[in-house]
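# Understanding the architecture of this molecule
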Amino acid sequence: MFTPLTIGLGAAALALALWCGIAALRGEPTKDRHFVGMAVVTALAVIQLAIGLFRLGAGDRPSGDTTAVFVSYLVTVPACVPLVAIVSLGERSRWGSATVAAGALVTAALQLRLHEVWGGGGG
């Protein structure tokens, strides 16, 4: 797909997971600054969704017969962090931060899977 964006999004998601994980260990709920980090990760995910859909529309396809799997991952990625952000708003304790950390880890793992399904290459 677009490897630099995939790596950047994965790294940003891991950084968010670490940041919110530390907040959870300190017993802190998510704060405004964490929501800024979530917005950055979400914006990168939406850009990735747009590029992925554009590439599919242009005729590029993932390796093998995995287009449906690829699209399902592609659509899931931008939803992960906003969903855990909503949960963290309702859970104003350390567990809200832990939930965001877990969602960010899922986002990073989905980046690996997207890269694998696309064929491990890309431009």
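From a predicted model like this one, the values you see are computed outputs, not experimental measurements.

Time to look at the overall build of the protein. A tally of helices and strands in the protein yields four helices and zero strands. Listing each helix as α and each strand as β along the protein from the N terminus yields α-α-α-α. For 123 residues, the compact-globule formula gives about 14 Å, and the C-alpha radius of gyration of the protein, at 15 Å, lands near that figure. Across its three principal axes, the protein shows a C-alpha extent of roughly 45 × 20 × 20 Å. Every one of the 123 residues in the protein was classed for burial, and the buried ones make up 37%. Put simply, of all contacts in the protein between residues at least 6 apart along the chain, 83% involve residues at least 24 apart. By element, 71% of the accessible surface of the protein is carried by carbon and sulfur atoms, the whole surface being about 6200 Å². Within the protein, one finds 8 positive and 6 negative side-chain charges whose respective centroids are separated by 7 Å.

According to UniProt, the positions carrying the feature "transmembrane region" (unreviewed entry) are residues 37-56, 68-89 and 95-114. Secondary structure across residues 68-89 comprises 100% helix and 0% strand; the distance between its end C-alpha atoms is 33 Å. Between the C-alpha atoms that bound residues 95-114 the distance is 28 Å, and the span itself is 100% helix and 0% strand.

This brings us to the environment of Leu110. If you trace the backbone, Leu110 turns up in helix H4 (residues 94-118). Along the backbone, Leu110 and Ala43 are 67 residues apart, and their C-alpha atoms lie at a distance of 16 Å. Not counting chain neighbours up to four residues away, the residues in contact with Leu110 comprise Tyr73, Thr76, Val77 and Cys80.

Reading guide: rules and limits
Residues numbered from 1 in each chain as written. Predicted model: local features only at pLDDT ≥ 70, side-chain atom pairs only at ≥ 80, totals over all residues. Heavy atoms only, no water. Helix = DSSP H or I, 4+ residues; strand = E, 2+ residues; numbered from the N terminus. Rg over C-alpha atoms; globule rule 2.2 N^0.38 Å. Buried < 20%, exposed > 50% of the residue type's maximum accessible area, 1.4 Å probe, protein only. Contact = heavy atoms within 4.5 Å. Areas by Shrake-Rupley, 256 points an atom, 1.4 Å probe, with all protein chains shown as cover. Lys, Arg positive; Asp, Glu negative; His and termini not counted. Charge placed at Lys NZ, Arg CZ, Asp CG, Glu CD. UniProt positions renumbered as here; feature names shortened; annotations may be inferred.

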